[in-house]
Amino acid sequence: MTNISLTTRDVARELARRYSTMTHEELDVLENVLVPMKFQKGEMILSEGQTCTNIYWIAKGLVRQFYYKNGKELTEHMATENNIVMCIESLFKEEPTRLQIVALEPTVIYALPKDALEQASIKSVNIQMLYRKILEESLILSQIHADMLRFESAQDRYVKLVKSQPQLVLRAPLVYIASYLQMTPETLSRVRTSALLE
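Residues numbered from 1 in each chain as written. Predicted model: local features only at pLDDT ≥ 70, side-chain atom pairs only at ≥ 80, totals over all residues. Heavy atoms only, no water.

1. Focus: the nonpolar core
Put simply, the rule reads: Side-chain atoms within 4.5 Å link the members of a nonpolar core, which is a set of buried Ala, Val, Leu, Ile, Met, Phe, Trp, Tyr and Cys residues. Exposure categories follow from relative accessible area, calculated using a 1.4 Å probe and restricted to protein chains: below 20% of the type maximum is buried, above 50% is exposed, and the middle band is partly exposed. Two residues form a contact once any of their heavy atoms are found within 4.5 Å.
Ranked by internal contacts, the top residues of the largest apolar core, which has 41 residues, are L15, I55, Y56 and L112. Contact partners of L15, with chain neighbours within four places excluded, come to S20, L30, L34, W57, L112 and L130. The next biggest cluster of nonpolar side chains, apart from the first, holds 19 residues, and it includes V102, M148, V169 and A172.

2. Description of the sheet that holds strand β2 (residues 44-46)
The following threshold applies: Paired strands, as defined in this entry, are two strands with at least two bridges between them according to DSSP. Comment: elements are numbered from the N terminus, with helices defined as DSSP H or I runs of at least four residues and strands as E runs of at least two. Every angle, taken between N-to-C directions, lies between 0 and 180 degrees, and every axis is a line fitted to C-alpha atoms, over only the stretch in contact when it is a helix.
Read from one edge to the other, the open sheet built from four strands follows the order β2-β7-β4-β5, with strand pairing classed as antiparallel. The sheet is open, and its two borders are formed by β2 and β5 (72-79), each paired with just one other strand. The sheet shows a mean angle of 35° between the axes of neighbouring strands, taken without regard to direction.

3. What to know about the pattern of salt bridges
Basically, it comes down to this: Salt bridge criterion: a side-chain nitrogen from Lys or Arg within 4 Å of a carboxyl oxygen from Asp or Glu.
A full pass over the atoms with the stated rule returns 14 salt bridges. Residue R150 pairs with D147 through a salt bridge whose shortest N-O separation is 2.7 Å. Residue R150 and its partner D147 are both found in helix α5 (residues 125-151); the two are separated by three residues, about one turn of the helix. Here D147 falls in the partly exposed class, since its relative accessible area comes to 26%. Residues joined in a network through salt bridges with shared partners are R9, D28 and E31.

4. Regarding the packing of helix α1 (residues 8-19) against α5
Keep this limit in mind: Any angle from 65 to 115 degrees is called roughly perpendicular, while one under 35 is roughly parallel, one over 145 is roughly antiparallel, and all others are oblique. Under the scheme applied, nonpolar residues are Ala, Val, Leu, Ile, Met, Phe, Trp, Tyr, Cys and Pro; charged residues are Asp, Glu, Lys and Arg; polar residues are all the others, including Gly.
Contact geometry of α1 with α5 gives a least axis separation of 9 Å together with a crossing angle of 70°. Relative to α5, the element α1 is oriented roughly perpendicular. Between α1 and α5, the contacting residues are L15, A16, R18 and Y19 on the first element and M129, L130, K133, I134 and E137 on the second. Taken together, the residues of the contact of α1 with α5 break down into six nonpolar, no polar and three charged.

5. A few points about the packing of aromatic side chains
By convention here, two paired aromatic rings are described through the distance between centres and the angle between planes. Rules: Planes of paired rings set the category: under 30 degrees apart is stacked, over 60 is edge-to-face and the rest tilted, where pairs are Phe, Tyr or Trp rings (Trp by its six-membered ring) whose centres lie within 6.5 Å. Note on geometry: a ring has a charge over it if NZ (lysine) or CZ (arginine) is within 6 Å of the ring centre and within 35 degrees of the ring normal.
Tallying each qualifying case throughout the model produces one aromatic pair. Ring centres 5.8 Å apart and planes at 80° place the aromatic pair F66 and Y68 in the edge-to-face group. Assessed through its relative accessible area of 5%, F66 is described here as buried. A relative accessible area of 41% places Y68 in the partly exposed class. Geometry around Y176 places R64 over its ring, the cationic atom sitting 3.8 Å from the centre.

The structure is reproduced here in structure tokens:
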């Protein structure tokens with residue numbers, strides 16, 4: 001699903017396929033919740049100090065979530081097509097975020113506004129299931145990433161990323177991949193070389 005001519009209906013169907021089966025009526029409701037958005041390369045999707053009010057589904061493109069620490073930019077998360085991105089703490093606490101989301105390529109996103117999604121969830125068990133599964137997936141991915149940084153060597157982190165997200169490794173600038181894996185660009189370069197030799 002990387003076609004730019006996706007309709008909101010296509011996206012609703014894809015979300016239902018991935019997260020929860022739905023009737024035609026429920027697909028109609030989900031379709032009405034979705035808000036299409038387009039971003040140019042380098043354009044901010046969410047800036048520091050804004051409150052995150054949406055769950056973002058990436059239909060096309062590549063996005064990066066990052067924050068500043070001691071004047072340095074650190075990459076928290078990156079995602080390509082058919083993936084979700086959000087600032088979960090800001091979304092649920094309804095407070096300004098310190099995380100930022102930027103498009104690394106021309107990007108098409110379908111936003112699921114939290115308020116509209118919660119309203120739809122009250123009326124539909126399947127939409128409630130979809131909402132829950134999206135949140136579960138997001139939390140699991142965060143945990144996997146945190147555990148990878150805690151327990152695995154630089155080499156293993158890189159190999160795992162190549163296996164789990166090959167598109168990301170091909171398309172994201174190496175400086176961001178290094179930051180995401182919490183290593184220097186020099187270490188990443190060394191790790192990539194030895195991974196290729198194996």
